[in-house]
Each structure stands twice: as structure tokens, then as C-alpha cells.
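As a plain string of letters, each chain reads:
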Amino acid sequence: MKITEHIQNANGKTLFSFELIPPLKGHSIQGIYDAIDPLMEFKPPFIDVTSLREDFIYKEQENGLLQKLAYRKRPGTIAICAAIMNKYKVDTVPHLLCGGFTKDETENGLIDLHFLGIENVLVLRGDARKGDSSFVPTPNGHCYATDLLQQVVNMNNGVYLHEHYDNMLRTDFCIGVAGYPEKHFEAPNLKTDFKYLKQKVDMGAGFIVTQMFFDNQRYFDFVNGCRAAGINVPIIPGLKPVTASKQLISLAKTFHIDIPEDLSDAIHDAKSEKDVKEIGIEWMINQCKELVKFGAPVLHFYTMGNPGPTKRIAEAIF
Ligand code: FAD
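Note that the structure is predicted; figures quoted are calculated from it, not measured.

Analysis parameters
Residues numbered from 1 in each chain as written. Predicted model: local features only at pLDDT ≥ 70, side-chain atom pairs only at ≥ 80, totals over all residues. Heavy atoms only, no water. Buried < 20%, exposed > 50% of the residue type's maximum accessible area, 1.4 Å probe, protein only. Helix = DSSP H or I, 4+ residues; strand = E, 2+ residues; numbered from the N terminus. Arc of directions from axis to C-beta. Contact = heavy atoms within 4.5 Å. Salt bridge = Lys/Arg side-chain N within 4 Å of Asp/Glu carboxyl O. Near = heavy atom within 4 Å. Polar contact = N/O pair within 3.5 Å; in protein donor to acceptor, adjacent residues only side chain to side chain. Areas by Shrake-Rupley, 256 points an atom, 1.4 Å probe, with all protein chains shown as cover. Nonpolar A, V, L, I, M, F, W, Y, C, P; charged D, E, K, R; others polar. Pairing = 2+ DSSP bridges. Right-handed = clockwise from strand over helix to strand, strands pointing away. Axes fitted to C-alpha atoms, helices over the stretch in contact; angles between N-to-C directions. Expected span 1.5 Å × (residues − 1). Parallel < 35°, antiparallel > 145°, perpendicular 65-115°, else oblique. Left-handed = near helix turned anticlockwise from the far one by under 90°.

(A) Helix H8 (residues 247–255), seen in detail. For H8, the complete set of buried residues consists of Gln247, Leu248 and Leu251. Taken end-on, H8 shows its buried residues confined to a sector of 105 degrees, consistent with a single buried face. When the buried face of H8 is taken as reference, the exposed residues oriented beyond 90 degrees from it are Ile249 and Lys253. Looking at the buried side of H8, the elements it contacts are strand S8 (207–212) and helix H9 (261–269). Phi for His256, located one or two positions after H8, is positive at around 55 degrees.

So this is what it looks like as C-alpha cells:
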């Protein structure tokens, strides 16, 4: 079922969902199941699986010289989605990236997804490779999420890259895109972000999932800003509790977000890492209560493979 249908069928009740990262190459899929099992009691209608483009690694050759190689550390997004659907009978949302994929690879991936019965995709530009100072598109790949979105919309209309017959198979993907309550770090201002977000929705995106945030007012302002800009699709808040003191820096640095002073002060004053985790979970429970009151369609958790804190929060909310 499509994400938009799940939200519609919930009749205003806030749903629970979460996302997982594929295991490192060479590791079993059991880690994915272990991260899902404790959360199934909260009946997620869908589970997202992220995608990671290649990074560069250096391999020493026999002559002692270093060879630069492109290496994808966490492949398997599509297969994991299919395996989860098969095992748990829930919908899955694979993240599709511009970076790391040619347009032809994307087309073939979309055909695989359609044949597997996967009806939803989240289309993203993707992060820059480690070692690149900014995003570098893959040759014959897409530069922006809008370009990738157009490819998915085209396939929904039976328009492929190289074939244009009348009777081409039409896929029927429900398409999600990313939103940034605190602005995408490369956008000169929120107005520019809204412009491209509106473009994505006008092109056919059916829902938005936000970057994580720790101050609900940012989400409320973002939703209101979207509505004022004519963006009227569901806006799903992405959430992650702070679980370690080092995340005060790493989350702010990696995701370009602010940590509210009250939260960072409490974490600084905590006596142990165990206390930090409790503070982070308590903060997120309060955030979630307010988001449910606001009418957020879904609370979507970035579990990062660690279901424990999300389970605690879900127990308090659902
Ligand atoms: P875009 O929409 O392409 O925007 C990138 C920047 O360009 C923005 O500043 C925007 O304002 C601007 N822009 C957009 N369109 C245009 C245009 N047509 N012309 C000129 N400028 C434009 N990363 C991963 O690698 N894997 C994942 O699985 C993943 N999952 C994510 C899930 C969520 C919910 C979120 C919020 C982010 C996720 N990311 C993931 C990170 C994401 O890939 C990065 O934030 C990336 O830098 C931007 O992606 P985007 O789709 O928002 O890009």
C-alpha cells in the first residue's frame, strides 16, 4: 500500500515508522531482523531502508603503490526491502539516490522494485562521498533529487530512458522527498528550499520526510511555511533521540541541526552516559507527545540499527 494511503486510512491517528541502514558488506541480514523484531509490536505500516553511495578506498598494490577504488560499503537496499516485506508483511520504502547510480541503473532498479511489489520510494540526491568537499554527480547520473524524481514520474507514465512505445509498463510509485526544518545546509535560505520542495511536490511527490530536529517549533514553522508556499502533502517528522554525549557534536555537525540549549545543558550536567541516554529519551518522549497533539501523520525514527531507545519512546507514545 502507498504511504499516502496508510496516512489517509489512519484518519488523523499518528502512525509509527522507522528506518534502518543496510549491514556492512560481509555481514548477515540477521542484524536487520534483530533491529526490527523489538519494534513490530508498535505496528509500523512501513519501514524505510537507507542507501549509501560508494566511497573511495585505497588498496596497496604489490609494487607498494596505492590504488584508489570506489567501494560501496553497505549494498543491498532493494533486497533488504524485499526480505522485510516477505518476512514481516509490512510495506518498505527504499531510499533512491542520485549519487552512485547511472540513470540506466536507476531504471533497472525501479523495474526490480515494481516487480517485487514495492510501491513507495524516497528520492534523494544523497550525501557527498567522504573525501569530496561537495556532492559530485555520477557520470550519466542525476544532479538533484528533482531530476531523479522526474525519472520516477516518467516511469509512472510509461516513459523510459531509451524506449517510447505506447504500451510500455507504467510503474505506480508513491514518491517521497526530503525536507529540512532547519534548512538544507547548501541552500542560501529557507525560501530557496521551499521553492525546490514545491517543485518536487508539483512534479508528483506525495509526501515529505524531514531531517531530524530537537526543537518542535522548527517543525511547526516548517509545516506552516510549506502550507503557505502551497505544499500540501503530508510532512512526516524524522526523529532520533540523543543517546550519547558525543552526539551533541556529531549530530549537529553531520546533519546541520541545532541542539536546543536546555537539552545540551542537561547533557553537559549529566553524571554518566547512562543518564545522558535517559535525558535523550525523555526529551524525545516529550517532543513526540507534542507532535502527536499537533497532528503529525507519522513519527518516523532514525533507529540507526539500535532499536532500544526507539522502543522506549514508542512504549510511552503508542
Ligand atoms: P536536493 O533536493 O537535490 O537538494 C540539494 C540542494 O540543492 C538543496 O540545497 C536544494 O535547495 C538545492 N536544489 C534542489 N533542487 C535544485 C535544483 N533543481 N536546482 C538547483 N538547486 C537545487 N543520504 C544518503 O546518502 N542516503 C540516504 O538514505 C539518505 N536518506 C535521507 C532521508 C531523509 C529523510 C533525509 C532528510 C535525508 C537523507 N539523506 C540521505 C541525506 C540527503 O541525501 C542529503 O541531505 C543531501 O545533501 C540532499 O538531498 P536532497 O534529496 O534534499 O537534495
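Picking up where we left off.
(B) Spatial organisation of the pattern of salt bridges. For the structure on display, the rule yields 13 salt bridges. In this structure, the salt-bridge partner of Asp172 is Lys2, at a minimum N-O distance of 2.8 Å. Of the two residues, Asp172 is situated in the loop between helix H5 (145–156) and strand S7 (174–179) and Lys2 in the segment before helix H1 (3–9); the sequence distance between them amounts to 170 residues. Judged by its relative accessible area of 46%, Asp172 falls in the partly exposed class. When the shortest N-O distance is used, the salt bridge between Asp132 and Arg129 registers 2.6 Å. Here Arg129 falls in the buried class, since its relative accessible area comes to 10%. Look at the salt bridges and you will find they share partners, linking Arg53, Glu54, Arg129 and Asp132 into a network.

(C) Local environment of the site of the ligand. Around the ligand there are 24 residues in total, and Ser51, Arg125, Tyr180, His184 and Lys200 lie nearest to it. Measuring from an oxygen atom of the ligand, one finds a backbone N or O atom of Gly126 at 2.9 Å. Between the ligand and Lys200, the relevant distance is 2.5 Å, taken from an oxygen atom to a side-chain nitrogen or oxygen of the residue. Burial of the ligand by the protein amounts to 89% of the accessible area it has alone, namely 980 Å². The set of elements that each furnish at least two residues to the shell around the ligand consists of strand S5 (91–97), strand S6 (120–124), H5, helix H6 (190–203) and S8. The class makeup of the residues in the shell around the ligand is 11 nonpolar, eight polar and five charged.

(D) Examining the pairing of strand S2 (residues 46–49) more closely. Residue alternation in S2 divides its side chains into two sets, Phe46 and Asp48 and Ile47 and Val49, and both sets are buried. Two elements, strand S1 (residues 15–20) and S2, share three bridges in a ladder whose sense is parallel. Paired with Phe18 across the two strands is Ile47, which belongs to S2. Between the parallel elements S1 and S2, the chain passes through helix H2 (residues 30–36) in a crossover that is right-handed. Note that S2 and S5 share four bridges and pair parallel. Pairing of Val49 across the sheet is with Pro94, part of S5.

(E) The arrangement of the sheet that holds S8 in detail. Read around the closed barrel, the eight strands follow the order S1-S2-S5-S6-S7-S8-S9-S10; overall the barrel is parallel. Averaged over all adjacent pairs, the angle separating strand axes in this sheet is 25 degrees, with direction ignored. Here S7 pairs with S8 via four bridges, running parallel. Paired with Ala178 across the two strands is Val209, which belongs to S8. Contacts from helix H3 (residues 77–88) reach S1, S2 and S5, with the element oriented near 175 degrees to S5.

(F) Spatial organisation of the side chain of Thr106. Examined against the element boundaries, Thr106 turns out to sit in helix H4 (residues 103–116). Once residues lying within four places of it in the same chain are set aside, the contact partners of Thr106 are Phe101, Leu148 and Gln151.

(G) Seen up close, H3. Taking 1.5 Å per residue, 12 residues should reach 16 Å; H3 reaches 16 Å between its end C-alpha atoms and fits that length. For H3, the set of buried residues is Thr77, Ile80, Cys81, Ala83, Ile84, Met85 and Tyr88. Lining the buried residues of H3 we find S1, H2, S2, S5 and H4. Looking one or two residues beyond H3, the residue adopting positive phi is Lys89, at roughly 55 degrees.

(H) Quick look at the packing of H4 against H5. It is at 11 Å that the axes of H4 and H5 come closest, and there the two elements cross at 45 degrees. In terms of axis orientation, H4 runs oblique to H5. The way H4 lies across H5 gives a crossing that is right-handed. The segment H4 lies against H5, with Lys103, Thr106, Glu107, Leu110 and Ile111 engaging Leu148, Gln151, Val152 and Met155. Split by residue class, the contact of H4 with H5 holds five nonpolar, two polar and two charged.

Any functional reading would require information beyond the geometric quantities listed.
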